[in-house]
Every structure is written in C-alpha cells, then in structure tokens.
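Descriptive analysis of the structure
Chain by chain, the residues:
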Number of protein chains: 2
Amino acid sequence: MNGLLEHLRAGLPPEALITDPDVTASYAHDMASFCDAGTPAVVVLPRTVEQVQHVMRTATALRVPVVPQGARTGLSGAANASDGCIVLSLVKMDRILEISPVDRIAVVEPGVINAVLSRAVDEHGLYYPPDPSSWEMCTIGGNIGTASGGLCCVKYGVTAEYVLGLEVVLADGRLLTTGRRTAKGVAGYDLTRLFVGSEGSLGIVVKAVLALKPRPPRQLVLAAEFPRAATACDAICRIMERGHTPSLLELMDRTTVQAVNRMAGMGLPDTTEALLLAAFDTPDPSADLAAVAELCTAAGATEVVPAEDAAESEMLLQARRMSLTALETVKSATMIDDVCVPRSKLGAMLEGTAAVAEKYGLTIGVCAHAGDGNTHPVVCFDHTDADESRRARESFDEIMALGLELGGTITGEHGVGVLKKEWLARELGEVSVELHRGIKQAFDPLGLLNPGKVF
Amino acid sequence: MNGLLEHLRAGLPPEALITDPDVTASYAHDMASFCDAGTPAVVVLPRTVEQVQHVMRTATALRVPVVPQGARTGLSGAANASDGCIVLSLVKMDRILEISPVDRIAVVEPGVINAVLSRAVDEHGLYYPPDPSSWEMCTIGGNIGTASGGLCCVKYGVTAEYVLGLEVVLADGRLLTTGRRTAKGVAGYDLTRLFVGSEGSLGIVVKAVLALKPRPPRQLVLAAEFPRAATACDAICRIMERGHTPSLLELMDRTTVQAVNRMAGMGLPDTTEALLLAAFDTPDPSADLAAVAELCTAAGATEVVPAEDAAESEMLLQARRMSLTALETVKSATMIDDVCVPRSKLGAMLEGTAAVAEKYGLTIGVCAHAGDGNTHPVVCFDHTDADESRRARESFDEIMALGLELGGTITGEHGVGVLKKEWLARELGEVSVELHRGIKQAFDPLGLLNPGKVF
C-alpha cells in the first residue's frame, strides 16, 4: 500500500491523489442500488495523458486493479470500486480540444460533461445527439464506457454511432490510437467500437473524436393519453410502420406519471394508463404531428394534445427525463431494468411486466424509450423488508428473462456492470463469452482493468 | 488433397463442390488489379449454415486455409485465393429471410445481392442505404466483410451502421451469434462491429440482421461546374459548414468526366475541371438546392444546373457510378486509391494528387465521395511498360502517404486486402497491430481464415 502511493506520487502532482479514507469512500459507488462495492486504496485524478500512463504503469508494475470512473451516474455498478483498487477518475480531464463545423467533429477529453459539450457545439450550429437523462452530470468518457443512449436514439442512434476515434491508455501504460477523424474509414478492425461499451475493461479512454450533426430545428412534442399500455404500443408500431421519423417517441405509465407529478407538480394527466410523447424536429413538423395524432386516435387514444410551443415541449421532456428519479421516491429503494425488445414486441413486454408486478405484489413503474423498444421497468420496494427485497430481486430477474424470451436484450443502454453479470452469459451464450475472454486477454493480460465487471 | 475432398464430400452435396481447375481458377481473383492470387484446391458453394460448419470443421481438422468470397467485386484483393485453399463462396446462400416494417429490420443470408435487397425492402416502403457502385452485383456478405460505403454515406453512413447482429461460423466450425434484432443493445463487447470490415479474417458470416430506414423521397440532383478542383472543394466545405444534409455530394474531375462520356456518351460537360453533384432527398428539397446553388456560385462555379426531374437525376448518378469502370478504359491498367481525409483537407488532397500525377508523368483521374472527404484517385498506366508500371505503383503509394499526412486514412471504404497491407501498419502503428494480432488469435488460433490478408 505504501509502495503503491510512493510509486504513484513519483509521477503525479500531490493534488491528483486522494488518500483520506472518508473522501475515497465517496468514490466507491456509482448510482446503481444493491451492487457490491469495495474500498479503494487511493483515488487518482489525473489531468494529462502522461499522468494516466503513469497510473497504469504503476498498476501493472504492482499488479493493482484499476477502476476507471466518470461522473458515476451509471446504473449498473460498472464504476464501483473493488477492494484495494486505484480509482482512476477522469473528471479533471475536461477540456474540449476542438470543434470543427466543416469536419463536423469535436475532439474532447473524457471528463467533459455531456451537456457542456452539447452547449458548446450548439454555439457553432452543431448538435451532439446522445442525451442520457443524466446529461447535465455525466461525462463523455462515461458515455463511451457504457455506450449510453437517451431520448434522441429513435432518430439519432446511440453514443457508439458518434465515436469516430479514440486515444486509449492500455493496461500496461502504452498509448493506443484508434479510428480516425474522417467521415469514413475501414483500415483494420474496428477497435474504436470495441472500446465503446466495454465499461472500462479494455483500456482508459483519454481522448475522443466525436461526430457531430447540424443542429436541427427545435422539436415539437405531442402528448397522447391511452387507456391501456397495449394500445399505446399499437400506436407506436403504426407510427414506425408508416415511415415516420420522430425525434423522440417515449412512454410513461400511470405509476411514472403520478410519481413525476408528486415530485415536480407537473400537472401531467394522472388518470391515464399510458402517456405517449412523440416529437419531430424537422423544419415543418405539422404534417407528421397531424398524422401521428390520427394514428394515436385510431389506436384508441382518449386525448391527443400537441404542445403549444417550445416551452411546453421542453416541459414534457423534463417530465420524461426525471421519470427514473421520480420513481425512486415511490418506495425506499428501486431496481431499474433496461430491457430492450424488438419494437413489435413492446406490447407483450409491457403486459408481461404488469403480470410480474401482480405476481410478486409489487409496484413496477415503467418508462420507456418506446420507439426503440427500450423499457425501464422500475421495481419499487422497501429495502428494510427482507421478503419484499427478495421479491423485488426475483421480479427484476423475471423481467430480464421475459425480455430475452421476446428476442430482446437485458440491457438497451445501461450496461452490465455487476448488476447483470450473471445475465450476460445467459444472453450471449458460451461461445461468445469465450471470445470476450480472448479479447480481454489480448488487451489486459493481467486482468487489472475493472476486474469483476461485465463478464 | 484427396483427403480434403473426401472430408468435404462427407458433409456436402456433390453440386456444392467445384474441383475442375479451369473453373476453380475463375474464383482466384477479386476485381483488384496487381494483387497476387494463389490456386485454390477446391471451391465450395454451401447452401446452409450446417454446410459452412462442415467446411470449417474440415479446414480445422486438416489445417487447410479458407478464403471466404461474395461476388468478388472487391478492389483490394481481400477475396483472392491462396495456394491450396478452400474458396468458400457464399453466393448460393442468398435468401432474404425476413423483412419487418414495424421493427425496420431485414434478416438475410450473406449471398443476397445488395440491389436485390434494396428492391425487396423498397416494396415495403423501406430503404437499405449502403450503395457501393457495384450494388447490382455485390453481396451483403461481401459488403459486411469489407464495410462497404457508397454514394449515400454522406447522409446515411456506411454498412457498419446498418448491421445489428450476425450469425458467424467460427474457424473451428462453432456457431456464434452476435448483436441483436433490437434498435438498441449494449450487452457485452461489440463483436458485431468487429466482424464488419474484418475481411473474412475472423469468421464466416452466415446470417445478418440489418437495420432499415423509411424510404425517403426520390433525390433531386444538382450539377455544378468548377474551373478548379480547389474551388469545388471550397464549395463542399461551405455546404457542410452551413448545416446542409445532402443525400449525396460527389465530385468527378475532368479526366473522369471525359472517360464517362467516352464510354457511355453521357454528354456531361467535359471542359470543366471539376463536376460537383449534390442531391437532397427531403420532401421539399427546393430551399436546400437553391442555397447550395448559391454557395457553388459564390465559390466560383461557372455553371449550376439542377436536374430537371428524377430521370435526369438518375442519369447523373449513373454517370458517377460508372466512373471507376470508365477510368479503367483510359489506359491498359489502373490502380485505384481510396484515401479519405477530413473534409477540410479535401482541396489539399486533390491538389497534392495533381502534383503527384505531374511528378510521375501519369494520368490520375479522380472521382470522390467528396462530402465525406473520400477520394478515389485512379492511376492509369500501361501495364506492358515496366517503367510506367513502376511509376504507377510509386504514385499510388505517394497518394496514400499524402492522405496520412493530411490526417486521413489509406482506405475509406475499399478495405486493405493484400493491396494495402504494408500501408496498414503505417497507419495503425505497432501497438494497434499487436492488438489486432491478439484478436485474430482469439478468433482464429490456427490462422486458417483468409491468411495473408489485412495485416
């Protein structure tokens, strides 16, 4: 332990090291409940690539595990410390190095906060789409590590589609450059994409070249109330089948709407079983909004209300973004699922989730990136009640099983971390897990990077 | 050798095996000139996944290399046979298994021809964007193996962005499933993307889940004539900087225009130094087309002519698509470069290429997916003239060096194959190549899959 600190100090300024156990303890967890976390030996906050390389060389020399962290807003425990590890927090490497409107790229350090980047590129008439609900806090490095999604994905795709190239410090401290700053490129294997979503298990991202889009017009939102979740899902299928390209297509169930109203007094319609939000960000969205309104009514919507203006649209988005936080107030604890199914199975997924809630006698609120088939069933429970906690865990698992049965995945955007490790093997199968191990071995032969996570 | 055929025959119907040397020889090459090719021991044309598994089990048992092939329209020699290999042609596995307008996916076998899929999904109001110029011949499996681009990429991206999931037969015959049929998913490493562009070196793709888009309106094309390539590049930079989203943005230089006119009597303006084609496929492209016309004129275009209708637009696209073929008729042989640079460096790239042509006293025609910065300088030479051939090879290399200097890549979409193998290491660097080897080792420990290609 002393040896570790001595080694680290040799290449780091004093302010880059935190050793006070009260402070280091605060770096032990991300935002996932009920995931084990260990006690870090030290927290390091580097400001340069060389400092990160020094940390990794030290870790390799002394065989100390390293847990990379961004803003720790993750929901799967992927950033949780392990005992005796170096927590490597990248939050101080937070410079936007370049924004190019001609090349439509930004070059950033990993600690840049998503919203900070979004606003900076907006000033150049550009748009960085990935928008996890935590966008005001989460970092680009964390977004890359977990391959984050968000509300925009139904039109603009996920983080992975915006990462063109990376600089990565490997487990042994060597620097790797992947990808490119060009629009296209197929030279060699796609190592860039391999790092995206690898949850810090293959290397430490220290720089990223990100693709940008032109800034679209402000989106206009429409809200539709449905008497049943299944009919809302019908509407979603028809909207997509007819070739519409909404900039968001979201669903909040009654439990979620009520929780948001309670938390923020939003005045959302809280007697509806399912509230559907659809938006378009085209120059003239009126035809699309009218067609979507008609499809919603035909599917059984009891009310269809277009937002009057951008402010009202923004309010509806805020409501959707705070859904998970609001559901956390329903009971003392929550477990947040992240099952993504083929869009055509969304109705079956929601009905199945309701059946699970009934079977276990629990409240399970659901909000969903419905256009993508990505549901977040939130199991609400009293963590001081052992039996309820057990039922929560079982229902959480049963929802993942249901997702797999419907041809879906256990994680649409939150990642595996420690929370879904056991389930990953079930989804991937043995052959895939063996190849995962082979790749891990090629990148991190000593197994020092975020050990015990993902698989 | 007899042992090999005997083994293969045990699990394949007679018509799936070709052993006649006159016929097998015709499978030795793809469309790249001047790449070495060996003599295959046998050509296998499986129709089922099980048959592919049998081939790979046999190859592993007998340590025989396997060269997977689609339609052999590749331009880098990646599908060239090696001596004594099994050529594994996937062209008979050509079924479209599913098209889902609600889920916006297609599930296909690897031998489906790109244009066949495009027309099939079009009937459902859907769109499969990737459109390499060879789209009437090339297969989806080949597109996946080489991560193909095309004209649409400036708006719709490359093949990689449309591959959601794969079934792959590994070197030892085991079947691997990667990815998903959902819109999102982050379970484990992105093995899907690792296979895309791996040029058959990691496994045999036997099924693919592809993402589809809603069919856009027909695009309208505008043609602009420029007195210098550099001013055309200025126009391109301004178009992208102003936030336009053309569905194609292409460039043909004078040599290319003249070659196309000679070949097809297209009547393109052949006194212009650079012909720029821009298109939009939005419901009402008039405002974008007018703005682009204005930007072209401001940048120095001497003529700006919008296509009168869809037919004239299609004619211009045809002209662009036949550019490489037309340039092949300029001299007895060609070497086709595929350098992609940041869009902002496109002018420098074209000027540098002209300087190379002058230095070596050669004709180098250039067509380019200009909006993406992806240039195809085509070195035209007489292959019976040893000195000219040497100069061609040197200028081909110098163009790649220039691309790397400008922050670009040696291959935007054609891949590495054998043609650019030496250059790949130069672009990637040692650390990356070592990781490539580690990955290869994890997937194909005996080195049987397409040996001698890529790296």
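Residues numbered from 1 in each chain as written. Chains lettered and ligands numbered in written order. Predicted model: local features only at pLDDT ≥ 70, side-chain atom pairs only at ≥ 80, totals over all residues. Heavy atoms only, no water.

In the nomenclature of an unreviewed UniProt entry, chain A corresponds to FAD-binding oxidoreductase from the organism Streptomyces pulveraceus. One UniProt comment on chain A, placed under Cofactor (unreviewed entry), says "FAD". (UniProt positions renumbered as here; feature names shortened; annotations may be inferred.)

So, on to the sheet that holds strand β9 (residues 175-179) of chain B. Hydrogen bonding along the main chain pairs the strands of a sheet, whether they run parallel or antiparallel. All names here are of chain B. Read across the open sheet, the 5 strands follow the order β5-β6-β10-β8-β9; overall the sheet is antiparallel. Where the open sheet ends on each side, the last strands, each with one partner, are β5 (96-100) and β9. With strand direction ignored, the average angle separating the axes of adjacent strands in the sheet is 10°. Where strand β6 (residues 105-108) lies against strand β10 (residues 204-211), 4 bridges are found, and the strand directions are antiparallel. In the strand pairing of β10, Ala106 is matched with Leu210. (Pairing = 2+ DSSP bridges. Helix = DSSP H or I, 4+ residues; strand = E, 2+ residues; numbered from the N terminus. Axes fitted to C-alpha atoms, helices over the stretch in contact; angles between N-to-C directions.)

Screw-axis analysis of chain B against chain A gives a translation of 0.0 Å along the axis, an RMSD of 0.0 Å, and a rotation angle of 180°. On this basis, the relationship between the two copies can be described by a two-fold rotation axis. In terms of C-alpha distance to the rotation axis, chain B has Ile439 of chain B as its closest residue, with the C-alpha 2.9 Å off the axis. Here 100% of the interface residues in chain B have copies in chain A that are interface residues too; the copies meet face to matching face. (Least-squares fit on C-alpha atoms with pLDDT ≥ 70 in both. Contact = heavy atoms within 4.5 Å.)

Another aspect to go through is the UniProt feature "domain: FAD-binding PCMH-type" (unreviewed entry) in chain A. Mapped onto this structure's residue numbering, the UniProt feature "domain: FAD-binding PCMH-type" (unreviewed entry) falls at residues 36-215 of chain A. A distance of 41 Å separates the end C-alpha atoms of residues 36-215 of chain A, which is 22% helix and 24% strand.

Each side of the interface is counted separately: chain B has 71 residues, and chain A has 72 residues. Of the roughly 5,700 Å² buried where chain B meets chain A, counting both sides, 62% is carbon and sulfur surface. Of all residues in chain B, Lys184, Val186 and Tyr189 of chain B give up the largest surface area on contact with chain A, accounting jointly for 17% of the area buried on that side. Among the salt bridges present, the one from Glu434 of chain A reaches Arg174 of chain B, with a minimum N-O distance of 3.0 Å. Applying the counting rule to chain B against chain A returns 26 residue pairs in polar contact (both at pLDDT 80 or more). Of all the secondary-structure elements, those providing two or more residues to the side of chain B that touches chain A are β9, α7 (191-195), α8 (229-241), α15 (421-428) and α16 (430-443) of chain B. Its residues assigned to classes, the side of chain B that touches chain A comprises 31 nonpolar, 25 polar and 15 charged. (Buried area = accessible area lost by both parts, 1.4 Å probe. Salt bridge = Lys/Arg side-chain N within 4 Å of Asp/Glu carboxyl O. Polar contact = N/O pair within 3.5 Å; in protein donor to acceptor, adjacent residues only side chain to side chain. Nonpolar A, V, L, I, M, F, W, Y, C, P; charged D, E, K, R; others polar.)

Turning to the packing of α8 of chain B against helix α10 (residues 286-299) of chain B, a few remarks are in order. Residue and element names in this part refer to chain B. Running from N to C, α8 and α10 point in directions that differ by 140°, and their axes come no closer than 9 Å. The angle between α8 and α10 falls in the class oblique. Regarding α8 and α10, the two cross each other, and that crossing is right-handed. Where α8 abuts α10, its residues Thr231, Asp234, Ala235, Arg238 and Ile239 lie against Val292, Leu295, Cys296 and Ala299. A class-by-class count of the residues in the contact of α8 with α10 yields 6 nonpolar, 1 polar and 2 charged. (Parallel < 35°, antiparallel > 145°, perpendicular 65-115°, else oblique. Left-handed = near helix turned anticlockwise from the far one by under 90°.)

Next up on the list: the sheet that holds strand β13 (residues 248-253) of chain B. Residue and element names in this part refer to chain B. In space, the 7 strands of this open sheet follow the order β15-β12-β14-β13-β17-β18-β16, with antiparallel pairing throughout. Both edges of this open sheet fall to β15 (303-306) and β16 (333-336), since each of them pairs with a single strand only. On average, adjacent strands in this sheet sit at an angle of 15° to one another, irrespective of strand direction. Note that strand β12 (residues 220-226) and β15 share 4 bridges and pair antiparallel. Within β15, the residue paired with Leu222 across the bridge is Pro306. The sheet contacts of helix α9 (residues 254-264) involve β13, β14 (274-280) and β17 (363-369), and relative to β13 the element is tilted by about 85°. Along the sheet, α10 contacts β12, β14 and β15; its crossing angle with β12, the most-contacted strand, is approximately 5°.

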